[in-house]
Amino acid sequence: MIYNEEFETLPREALEAIQLRRLKNTLERVYHTVPFYKKQFDEHGIKPDDVKSLEDLQKLPFTTKQDLRDNYPFGMFAVPMDSVVRIHASSGTTGKPTVVGYTARDIKTWSELMARTLMAGGATKGDIIHNAYGYGLFTGGLGFHYGAETLGASVIPISGGNTKRQVMIMKDFGPTILTCTPSYALLLAEVAEEMGIDFRSLKFKSGIFGAEPWSEQMRQEIERKLNLDAVDIYGLSEVMGPGVAVECIEAKNGLHIFEDHFIAEIIDPETGEPLPYGVKGELVFTTITKEAFPVIRYRTRDISVLYREPCKCGRTLIRMERVSGRTDDMLIIRGVNVFPSQIESVLMEMEEVSPHYQLIVDRVEHMDQLTVMVEVNEKIFSDTVKNLQQLENKIRKNIKDMLGISTIVKLVEPKTIERTEGKAKRVIDNRKL
Amino acid sequence: MKVEQISVFLENKAGRLAEVTRLLGDGGVNIRALSLADTSDFGILRLIVNDNEKAKKILKENGFTVGKTNVVAIEVEDRPGGLARILDILYRAGINVEYMYAFVQQSGENAVIIFRFDNLDEAIRVLQENGVTVINGSKVYTL
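Computed from a predicted structure; not experimentally measured. (Residues numbered from 1 in each chain as written. Chains lettered and ligands numbered in written order. Predicted model: local features only at pLDDT ≥ 70, side-chain atom pairs only at ≥ 80, totals over all residues.)

We now examine the environment of proline 276 of chain A. Residues and elements named next belong to chain A. If you trace the backbone, proline 276 turns up in the loop between β10 (262-267) and β11 (281-287). Judged by local crowding, proline 276 falls into the exposed class, with 9 C-beta atoms found within 10 Å. Placed eleven residues apart in sequence, proline 276 and glutamate 265 show a C-alpha to C-alpha distance of 8.8 Å. (Helix = DSSP H or I, 4+ residues; strand = E, 2+ residues; numbered from the N terminus. Buried ≥ 20, exposed ≤ 12 C-beta atoms within 10 Å, placed from the backbone.)

The next thing to look at is helix α11 (residues 385-403) of chain A. Residue and element names in this part refer to chain A. Given a rise of 1.5 Å per residue, 19 residues ought to cover 27 Å, and the 27 Å separating the end C-alpha atoms of α11 matches this to within 8%. Buried within α11 we find Leu388, Leu391, Ile395, Ile399 and Leu403. The buried side chains of α11 occupy one side of the element, clustering within an arc of 70° when seen end-on. Relative to its buried face, α11 has exposed residues pointing more than 90 degrees away, namely Lys386, Gln390, Asn393, Lys397 and Asp401. Within two residues after α11, glycine 404 carries a phi angle of roughly 75°, on the positive side. (Expected span 1.5 Å × (residues − 1). Arc of directions from axis to C-beta.)

Attention now moves to the interface of chain B and chain A. Taken together, the 17 residues of chain B in the interface contact 17 residues of chain A. Of all the elements in the fold, those that place two or more residues in the side of chain B that touches chain A are β1 (2-11), β3 (42-49), β4 (66-76) and β5 (97-102) of chain B. (Contact = placed C-beta atoms within 7 Å.)

Here the focus is the nonpolar core. Within the largest apolar cluster, 92 residues are counted, with the highest numbers of intra-cluster contacts made by Leu118, Ala185, Val244, Ile257, Phe262 and Ala264 of chain A. Per-element accounting of this core gives the leading share, seven residues, to helix α5 (residues 104-120) of chain A. If we ignore the near neighbours within four places in the chain, the residues touching isoleucine 257 of chain A are Val244, Ala245, Phe262, Ala264, Leu317, Ile318 and Met320 of chain A. Leu347 and Val376 of chain A together with Ile44 and Phe64 of chain B belong to the second largest nonpolar core, which has 57 residues in total. (Core = buried A, V, L, I, M, F, W, Y, C linked by C-beta atoms within 7 Å.)

Residues and elements named next belong to chain A. Summarising the element assignment, phenylalanine 285 is placed in strand β11. We classify phenylalanine 285 as buried; it has 26 C-beta atoms within 10 Å. Counting along the chain gives 177 residues from phenylalanine 285 to lysine 108, while the straight-line C-alpha distance between them is 20 Å. For phenylalanine 285, the residues in contact, after removing those within four places along its chain, are Val239, Phe262, Ala264, Val295, Tyr298 and Thr300.

All names here are of chain B. Domain assignment breaks chain B into domain 1 (2-69) and domain 2 (70-141). If you average the C-alpha positions of domain 1 and of domain 2, the two centres end up 22 Å apart. Every contact between the two is made by eleven residues of domain 1 and, on the other side, 14 residues of domain 2. Sorting the residues of the side of domain 1 that touches domain 2 by element identifies β1 and β2 (31-38) as the ones contributing at least two each. Of the residues assigned to the side of domain 1 that touches domain 2, the class counts are four nonpolar, four polar and three charged. (Domains from an automatic or database assignment. Nonpolar A, V, L, I, M, F, W, Y, C, P; charged D, E, K, R; others polar.)

Residue and element names in this part refer to chain A. Where helix α7 (residues 163-173) meets helix α8 (residues 182-194), the axes come as close as 9 Å, and the angle between the chain directions of the two elements is 80°. When the interaxial angle is binned, α7 and α8 end up roughly perpendicular. For the pair α7 and α8, the contacting residues are Thr163, Lys164, Gln166 and Val167 in the first and Leu187, Leu188, Val191 and Ala192 in the second. Here the residues of the contact of α7 with α8 sort into five nonpolar, two polar and one charged. (Axes fitted to C-alpha atoms, helices over the stretch in contact; angles between N-to-C directions. Parallel < 35°, antiparallel > 145°, perpendicular 65-115°, else oblique.)

All names here are of chain A. Relative to strand β19 (residues 367-375), strand β18 (residues 357-364) is paired through eight bridges, and the arrangement is antiparallel. Its bridge partner lying in β19, aspartate 362 is registered against glutamine 369. Examined bridge by bridge, β18 and strand β23 (residues 427-429) share three bridges and lie parallel to one another. By the bridge assignment for β23, valine 361 is matched with aspartate 429. (Pairing = 2+ DSSP bridges.)

Before going further, it helps to examine the domain arrangement of chain A. Residue and element names in this part refer to chain A. Here chain A is partitioned into domain 1 (5-328) and domain 2 (332-429). Computed over C-alpha atoms only, the centres of domain 1 and domain 2 are separated by 31 Å. Counting residues per element, the side of domain 1 that touches domain 2 draws most heavily on α8, which supplies four residues. Residue composition of the side of domain 1 that touches domain 2, grouped by class: four nonpolar, eight polar and two charged.

A word on the pairing of β2 of chain B. With seven bridges joining them, β2 of chain B and β3 of chain B adopt antiparallel strand pairing. Paired with aspartate 38 of chain B across the bridge in β3 of chain B is glycine 43 of chain B.

Following this line, the structure appears as structure tokens:
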């Protein structure tokens, strides 16, 4: 099923003509409205006019997360604040989040892309959508919500958490489409079982799962335990939010990128050189319709592959393989982006804490669990249990306040944390995805 | 009046306590009293030994985190109600006991109990005013 038949099945030449026109407009606009881009283009001796073909895009410099951070909070906005109707944010590499803005037209575009996404995942106007993505600064909840309304479906804005109540509502309201992180889908099934409810007998037809890495094995497990079709969705707030790419329910083989709004490239993360179709590398996106927060050649740090082969669903859009990793050390914990450097800066701000720490990520009962191990040195050691437990609580609270995630803090003996060539191994990810 | 106690941070895993006692034994340090406080993931071993400096040195060299705290050793009459009398004095004075543990060895007829207080000087003053015997550090190490 295709929501926007015209744009999702354009002949390649027509699609590329639209892309080029929109790209040129975007470049012209960012050059004159965002000082960062003017400076970048000038330093590389390139004018918006110099881009005469889609290949010319490769002459432009990249934009990185660091650039967004340097322009915190609104420096990358291409419209005045009175045209911005929505602000979202995702976690940055240190304490400060990455802030993105939307004009009324951006919200309309995003809503349409999410309607396309939902329909690609099997949803229609007549469906009831149980939306368990978090509502708030995170783009997941509201992105799906607006898409569902645009599609004309009935949306249950349940957001995350309170799992037992979610199961009750699923049983009583009979939703047919589930939208949440894949790990939360499995948790819902488990809690339902504990409550004596057979998830497989609920009315779900399909689920659209994303915001964290998952695998083909996990898809099979979800489909088996939840008795629905599970499709993968990709997006990031810097580019739009969810709705950048999605799998079609017909093929479940790679995610269609909505190329009439985004130009995707794959580059070699070391050299920055563009790589051909079919070769694994880092995903780079340029937005070509966004007004408030356009990005030019934004390096996502996500690793994927692009394919041009036509899909049996009829879409002519290129496909990206499910994201298989990161080129940096970012972790995704229960859908929240976490950089080890963020935890480190929380610890370093507490002067009593030793610089030796380690992060251990596990998946316990389908949910990610982050354990922060901190070595006990003489400065923080106390002969009373009370003081050490207070310290653990303080670390836990500081991390929660800064990153919004719950962790387990564990004090360990000195030299417990393995050092490799003098440097400690900071992250152990035990999740088997 | 104060007694120096050393404390050692231990993870809750097999063999850590054995390691501490073995190291001290090999180094010729005699443990006079000890207590172990534990939570689900860590423990704190508190020790009164005959040679604090030596004990600290040995443990630190072997990678343990070692702390030093002043505690008080108190003579408690070895009869029913002996400890209750002392705790009552402390309670009336509003002094909170962080933790306490007993010495194996007696001081004459009396039992010896180690107390850890937040406000050590105040505790010593109150106890002495009430006729409780607070034992000298140097005496405790060699009991």
